[in-house]
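Summary of structural features
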Amino acid sequence: MSAQVYESDICVVGNGAVGRAAALALAQSGWKVTVLSPSLAPVQPSEEWDVRVFALNHTAHTLLKQIRVWDAMNAARIEPVTAMHVKGGENMQDGRLGFDAYGARSNELAWILENRNLMLALDAAMRFAPGVQAVGGMATGLQQHPDHACITLQDGTLIRSKLVIGADGAQSWVRGQCDIGMSYRSYGQKGVVANFEASLPHHGVAHQWFVEDLGIIALLPLPGQRVSLVWSAPDLLADELVRGGMENLISRLEHYCYATHGKLSPVLPENVQAFPLRLIRTHSLIAPRVALVGDAAHVVHPLAGHGMNLGFGDVADLVSVLGKPGDTEDCGDSRLLERYRRARKEDVLLMQLTTDGLARLFGSDLAPVRLARKAGMNLLDRLPLIKNRLISHAMGRG
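Values in this document were obtained by computation on a predicted structure and should not be read as measured data.

What follows is about the sheet that holds strand β2 (residues 10-13). The sheet built from 6 strands is open, its strands ordered β9-β3-β2-β13-β21-β20 with mixed pairing. Every interior strand has two partners, whereas the edge strands, β9 (132-136) and β20 (286-287), have only one. Two strands pair when backbone bridges link them, and β2 and strand β13 (residues 163-166) are joined in this way by 4 bridges, in the parallel orientation. Each bridged residue has a counterpart across the sheet, and for I10 the counterpart in β13 is L163.

In structure tokens, the structure reads:
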């Protein structure tokens, strides 16, 4: 029996938020798109609050609006961020820095939303999107030819396309098939995440504490008086926080945030999770007939919450470069892919350097470094022009 063959302009490998957004955006531009994923199981709705949340900036917001996904999400579970307060420690003298939407000439700095809310809207859009076909299965081989690429699945199925987009995460199979090298470094930290109800209103303000020996504690606003914790903690502490359970975690947190959030209580289900933090720099975003997006292309420290935003920025730039089918005969042409690589170079490098530099700076316990970072935060807080330029770039409007 002959193998089944799928033909399309573009094959997106990966079924996460960035891959789905890429497929929808490219299909709406007129390209025929195949999405390859090991599983096609739909996302299940739930009233429970997802501990995995994202702080999406204006680039992500614009892209999701354009592909008609933003307005399909449950707006009651999205919280705009109107300000961000950063503290160098628990004391006033430890250095402070504040950003607000008014100073950035915007109504919002970012939006906090749950992974499930986003994935449900993307899932619904994918089911009804013309020009998108979903294929389930495990890929076993990728062949790059002068005029097309071909992916072979475990059952012999073939997917032929002009361009393959690797959106398959930090352990990208596509990247490995193309022999694209990478630099990897573990931060020796885990991101501990959980959700809480606070006794004091957060007023849409995100708070972040850089605490010596304990890492970086961030409390992000959720609808109502709920907050989402992202604690970038050293490995041993992170394991202890997860094992200790919710009450132990709350007692540690309230030491820092009682003045801003009051008493904390668990949001059911009482769920504390942790994931390893690392830096991944790929040696190239492109290969013949291949482009990488999202975590397949780069992984950064989550202290600024911009990993997902970088991925959506990849998609926005790739869609812009490829244009519509009438603009080019070959969406996998090496000249187009080189334009994509150049378009992303500055933004990705700047975010990698910024997040890595801040993680190193606030991870140092050397006395001169501590003094310098406290003075630097206080000085930057008094320089509104520079501060607003930085926040504008982080918002995706720089």
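Burial along β2 is two-sided: the face carrying I10 and V12 and the face carrying C11 and V13 are both buried. Taken together, β2, helix α1 (residues 17-28) and strand β3 (residues 33-37) constitute a β-α-β crossover, and its handedness is right-handed.

Moving on to the pattern of salt bridges. Applying the stated criterion across every chain, the model contains 17 salt bridges. Between D330 and R289 there is a salt bridge, with the nearest N and O atoms lying 2.7 Å from each other. On the criterion of sequence distance, the pair formed by D330 in the loop between α6 (307-322) and α7 (334-363) and R289 in the loop between β20 and β21 (290-292) is long-range, its members being 41 residues apart. R289 sits in the buried class, given a relative accessible area of 7%. Of the charged contacts in the structure, one is a salt bridge between D347 and R344, with a shortest N-O distance of 3.3 Å. Taken together, the positions of D347 and R344, both in helix α7 and 3 residues apart, correspond to about one turn of that helix. Given the relative accessible area of 2%, R344 is considered buried. One connected set of salt bridges, linked through shared partners, spans D314, D317, R344 and D347.

The pairing of strands in a sheet comes from backbone hydrogen bonds and takes either a parallel or an antiparallel form. Read from one edge to the other, the open sheet built from 3 strands follows the order β4-β8-β5, with strand pairing classed as antiparallel. Each end of this open sheet is capped by a strand with a single partner; those strands are β4 (53-56) and β5 (78-81). With strand direction ignored, the average angle separating the axes of adjacent strands in the sheet is 20°. By the bridge criterion, 4 bridges tie β4 to strand β8 (residues 110-114) in an arrangement that is antiparallel. Residue L56 lies in a different strand from β8, and its bridge partner there is W111. In the packing of helix α3 (residues 115-128) onto the sheet, contacts are made with β4, β5 and β8, and the angle to β8 comes to roughly 85°.

Criteria and cut-off values
- Residues numbered from 1 in each chain as written.
- Predicted model: local features only at pLDDT ≥ 70, side-chain atom pairs only at ≥ 80, totals over all residues.
- Heavy atoms only, no water.
- Pairing = 2+ DSSP bridges.
- Helix = DSSP H or I, 4+ residues; strand = E, 2+ residues; numbered from the N terminus.
- Buried < 20%, exposed > 50% of the residue type's maximum accessible area, 1.4 Å probe, protein only.
- Right-handed = clockwise from strand over helix to strand, strands pointing away.
- Salt bridge = Lys/Arg side-chain N within 4 Å of Asp/Glu carboxyl O.
- Axes fitted to C-alpha atoms, helices over the stretch in contact; angles between N-to-C directions.
- Contact = heavy atoms within 4.5 Å.

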